[in-house]
Amino acid sequence: MTGLDEILQRLGFGLPSAVLPLVKLPLRLTRGQHLALANAGAGTPDGVNALSDKHLLDCVGAAVTAQLRPKTIGCRLMFRESEGDK
């Protein structure tokens, strides 16, 4: 990426250059979610994958966490719903 491309991306997303790799995630995040992930030490997609479910949930909320980790979170939500039926 050239310097101009990086500046345009930074302006377009409103993010510091260290956080730009997160725009490659397979879904759209808010600026606040990008910054929360970076503050949690996950400034790249690999960093996001390394976060615990709880840290990811704290950074981006339940809906985005469920999209990023559908098997893990989906199973837990189904379990909680079935527990509530008892």
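Residues numbered from 1 in each chain as written. Predicted model: local features only at pLDDT ≥ 70, side-chain atom pairs only at ≥ 80, totals over all residues. Heavy atoms only, no water.

What to know about the overall build of the protein
- When its secondary structure is counted, the protein shows five helices and zero strands.
- For the protein, the sequential pattern of α-helices and β-strands runs α-α-α-α-α.
- The burial tally for the protein puts 27% of its 86 residues in the buried class.
- A separation threshold of at least 6 residues defines the contact pool for the protein, and within that pool the share at least 24 residues apart is 18%.
- Total accessible area computed for the protein in this model is approximately 5,800 Å², and 58% of it derives from carbon and sulfur atoms. (Helix = DSSP H or I, 4+ residues; strand = E, 2+ residues; numbered from the N terminus. Buried < 20%, exposed > 50% of the residue type's maximum accessible area, 1.4 Å probe, protein only. Contact = heavy atoms within 4.5 Å. Areas by Shrake-Rupley, 256 points an atom, 1.4 Å probe, with all protein chains shown as cover.)

With respect to the nonpolar core
- Leu22, Leu25, Leu29, Leu37, Val48, Leu56 and Val60 are the most contacted members of the largest nonpolar core, which has 15 residues in total.
- Residues within four places of Val48 in sequence aside, it is in contact with Leu22, Leu25, Leu37, Ala42, Leu56, Leu68 and Arg69. (Core = buried A, V, L, I, M, F, W, Y, C linked by side-chain atoms within 4.5 Å.)

Notes on the packing of helix 2 (residues 31–39) against helix 4 (residues 53–68)
- Running from N to C, helix 2 and helix 4 cross one another at 140°; their axes reach a closest spacing of 8 Å. The angle between helix 2 and helix 4 places the two elements in the oblique class. Residue-level inspection shows Gln33, Ala36 and Leu37 of helix 2 in contact with helix 4, the latter providing Leu56, Cys59, Val60 and Val64.
- The residue inventory of the contact of helix 2 with helix 4, partitioned by class, reads six nonpolar, one polar and no charged. (Axes fitted to C-alpha atoms, helices over the stretch in contact; angles between N-to-C directions. Parallel < 35°, antiparallel > 145°, perpendicular 65-115°, else oblique. Nonpolar A, V, L, I, M, F, W, Y, C, P; charged D, E, K, R; others polar.)

Observations concerning the side chain of Thr65
- Along the chain, Thr65 turns up in helix 4.
- A polar side-chain atom of Thr65 sits 2.7 Å from the main-chain carbonyl oxygen of Gly61. (Polar contact = N/O pair within 3.5 Å; in protein donor to acceptor, adjacent residues only side chain to side chain.)

Notes on a nonpolar patch on the surface
- On the surface, Leu4, Ile7, Leu8 and Leu11 cluster together into a nonpolar patch covering about 430 Å² of accessible area.
- With respect to the secondary-structure elements, Leu11 resides in helix 1 (residues 3–13). (Patch = residues over 30% accessible without salt bridge, like charges linked within 9 Å, V, L, I, M, F, W, Y side chains within 5 Å. Salt bridge = Lys/Arg side-chain N within 4 Å of Asp/Glu carboxyl O.)

A short note on the pattern of salt bridges
- According to the stated counting rule, one finds two salt bridges in the structure shown.
- Note that Arg69 is salt-bridged to Asp53, the shortest N-O span being 2.6 Å. Of this pair, Arg69 sits in the loop between helix 4 and helix 5 (70–84) while Asp53 is found in helix 4, placing the two residues 16 residues apart along the sequence. In terms of burial, Arg69 and Asp53 fall into one category: buried.
- In this structure, Lys54 and Asp58 form a salt bridge, with 3.0 Å as the shortest nitrogen-oxygen distance. Of the two residues, Lys54 and Asp58 are both situated in helix 4; the distance of four residues between them amounts to about one turn of the helix.
- Here Lys54 falls in the exposed class, since its relative accessible area comes to 56%.

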